[in-house]
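Below, each chain spelled out in residue letters.
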Amino acid sequence: MPRPLDPATYEALAERLRFYRDLGLTDFYRRDVESAAAIDDPELGRSVAEELAEREGLLQAAIDAAAQSAAETPVQQPNFFAEEPAIKTRKPIQAPEIGAVVPAEDRAAALQMIRDEIGDCTRCALHKGRNSVVFADGSPTARLMFVGEGPGADEDAQGLPFVGRAGQLLNNMISAMGLKREEVYIANVVKCRPPGNRTPEPEEANTCSPFLFRQIDVVRPQVLVALGATAATYLLGARQPLAGLRGRVHAFRGRSLIVTYHPAFLLRDPRQKKEAWADLQIAMKELGLKAPARG
Ligand code: URA
């Protein structure tokens, strides 16, 4: 019995394909689609195979146009620190002692206690311009945790981390790993939005990051992914070039830490998505995850 595919499914497939291409995965194959080719879609008035072929053709044309425009744009040396100019750390950052293991069933309550302790925080100057204290999002028992820099305007408005454009890309990265956003834990180095989305000052980051360390110790993710140089700096305790930190596993508070680019940076320089995907694959290997089947 022929089964029509709805337009939303087509669009979801095309979006996924675009995302993999954005990540630099360009070799696609499709499993034998004879049965799909035979499906007639009454709404489209043609077969699924014809519709997909046209969509892939349109996609390819867009990719070619983007490549052409990139070729005509003067090449700039990628500046890996463009997203986070100067982190003025002179002294090594002191990480608090590792906290005791909290049983899985008590982790939500333990996190709530940390949130309560933060309260309506005025410990640093960032409180003056914020609307929300952006604590975290996700599972208190996550095996994977992402750490960003600090809330932006959307996060400040909604009170949740990574809900703007960079968050959309982070969601895509999470789903490319075969996970759901609700399965991971997401937090930032600072919990209040820096004015104009500037990099947090060391005083602000050092004041706030002990709470992040406590969140990490409660959740006890097997793997942490530091998104960008600010997260890497304040987790690892010293500023180092991102290029030298990426591509390997760091030991961190009894967990594994992987450093990759911040999604906001990837939005500005999508050519680096391939590199970010390579970093995420290291995280997946640590977690024993396989990428969901493409096709
Ligand atoms: N950038 C971050 O570093 N964190 C967020 O929550 C949003 C954007």
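Right above here is the structure, for reference.
Residues numbered from 1 in each chain as written. Predicted model: local features only at pLDDT ≥ 70, side-chain atom pairs only at ≥ 80, totals over all residues.

On to the nonpolar core, then. Ranked by size, the top nonpolar core spans 56 residues in total, and within it Met145, Val147 and Ala226 carry the most contacts. With 7 residues, helix α7 (residues 202–219) is the single largest residue contributor to this core. (Core = buried A, V, L, I, M, F, W, Y, C linked by C-beta atoms within 7 Å. Buried ≥ 20, exposed ≤ 12 C-beta atoms within 10 Å, placed from the backbone. Helix = DSSP H or I, 4+ residues; strand = E, 2+ residues; numbered from the N terminus.)

The terminal C-alpha atoms of helix α4 (residues 107–118), which comprises 12 residues, lie 17 Å apart, in line with the 16 Å expected from a rise of 1.5 Å per residue. Just downstream of α4, Gly119 is the residue with a positive phi angle, here 55°. (Expected span 1.5 Å × (residues − 1).)

What follows is about the pairing of strand β5 (residues 185–188). The side chains of a regular strand alternate between both faces of the sheet. Side chains Tyr185 and Ala187 of β5 all project onto a buried face; the interleaved residues Ile186 and Asn188 project onto the opposite face, where all are buried too. Note that strand β3 (residues 137–138) and β5 share 2 bridges and pair antiparallel. Its bridge partner being in β5, Gly138 is matched across the sheet by Tyr185. Bridging between strand β4 (residues 144–148) and β5 involves 4 bridges; their strand directions are parallel. Paired with Val147 across the strands is Ala187, a residue of β5. (Pairing = 2+ DSSP bridges.)

The environment of the ligand is made up of Gly148, Glu149, Gly150, Pro151, Gly152, Glu155, Pro161, Phe162, Ala166, Gly167, Asn188 and Ala264. Considered class by class, the residues forming the shell around the ligand number 5 nonpolar, 5 polar and 2 charged. (Near = placed C-beta within 6 Å. Nonpolar A, V, L, I, M, F, W, Y, C, P; charged D, E, K, R; others polar.)

Our next topic: the environment of Val163. Of note, Val163 is situated in the loop between α5 (153–158) and α6 (165–176). We classify Val163 as buried; it has 21 C-beta atoms within 10 Å. For the pair formed by Val163 and Ala153, sequence separation is 10 residues and the distance between their alpha carbons is 9.5 Å. Dropping the residues within four chain positions of it, Val163 is found in contact with Asp154, Glu155 and Gln158. (Contact = placed C-beta atoms within 7 Å.)

On to the environment of Lys180. Tracing the backbone shows Lys180 in the loop between α6 and β5. C-alpha of Lys180 to C-alpha of Gly138: the two residues are 42 residues apart in sequence and 9.5 Å apart in space.

So, about α6. The first and last C-alpha atoms of α6 sit 17 Å apart over 12 residues, in line with the 16 Å expected at 1.5 Å per residue. Within α6, the full set of buried residues consists of Ala166, Gly167, Leu169, Leu170, Met173, Ile174 and Ala176.

It is worth spelling out the sheet that holds strand β6 (residues 223–227) at this point. The strands making up a sheet associate through hydrogen bonds between their backbones, and the pairing can be parallel or antiparallel. With mixed pairing, the 6 strands of this open sheet are ordered in space as β3-β5-β4-β6-β8-β7. Lying at the two open borders of the sheet, with one neighbouring strand each, are β3 and β7 (250–252). Docked against the sheet, helix α8 (residues 229–236) engages β4, β6, β7 and β8 (255–260), running at close to 130° with respect to β6. Along the sheet, helix α11 (residues 273–287) contacts β4, β6 and β8; its crossing angle with β8, the most-contacted strand, is approximately 170°. (Axes fitted to C-alpha atoms, helices over the stretch in contact; angles between N-to-C directions.)

The backbone phi angle of Phe162 is positive, close to 50°, even though this residue is not glycine. Mapped onto the fold, Phe162 is located in the loop between α5 and α6. Phe162 sits in the buried class, given 28 other C-beta atoms within 10 Å. The phi dihedral of Arg220 is positive, around 50°, even though this residue is not glycine.

Below, the discussion takes up the packing of α4 against α7. Helix-helix packing is described using two parameters, namely the angle between the two axes and the distance between the axes. Viewed as axis vectors pointing N to C, α4 and α7 meet at an angle of 170°, and their least axial separation amounts to 9 Å. Put simply, α4 runs roughly antiparallel to α7. Here α4 contributes Arg107, Ala110, Leu111, Ile114 and Ile118 to the contact with α7, which in turn contributes Phe211, Arg214, Gln215, Val218 and Val219. Here the residues of the contact of α4 with α7 sort into 7 nonpolar, 1 polar and 2 charged. (Parallel < 35°, antiparallel > 145°, perpendicular 65-115°, else oblique.)

In this section: the pairing of β4. Across the 5 residues of β4, 5 count as buried, placing the element largely inside the fold. Where β4 and β6 come together, 4 bridges link them in parallel fashion. Bridging from a neighbouring strand, Phe146 pairs with Val225 of β6.

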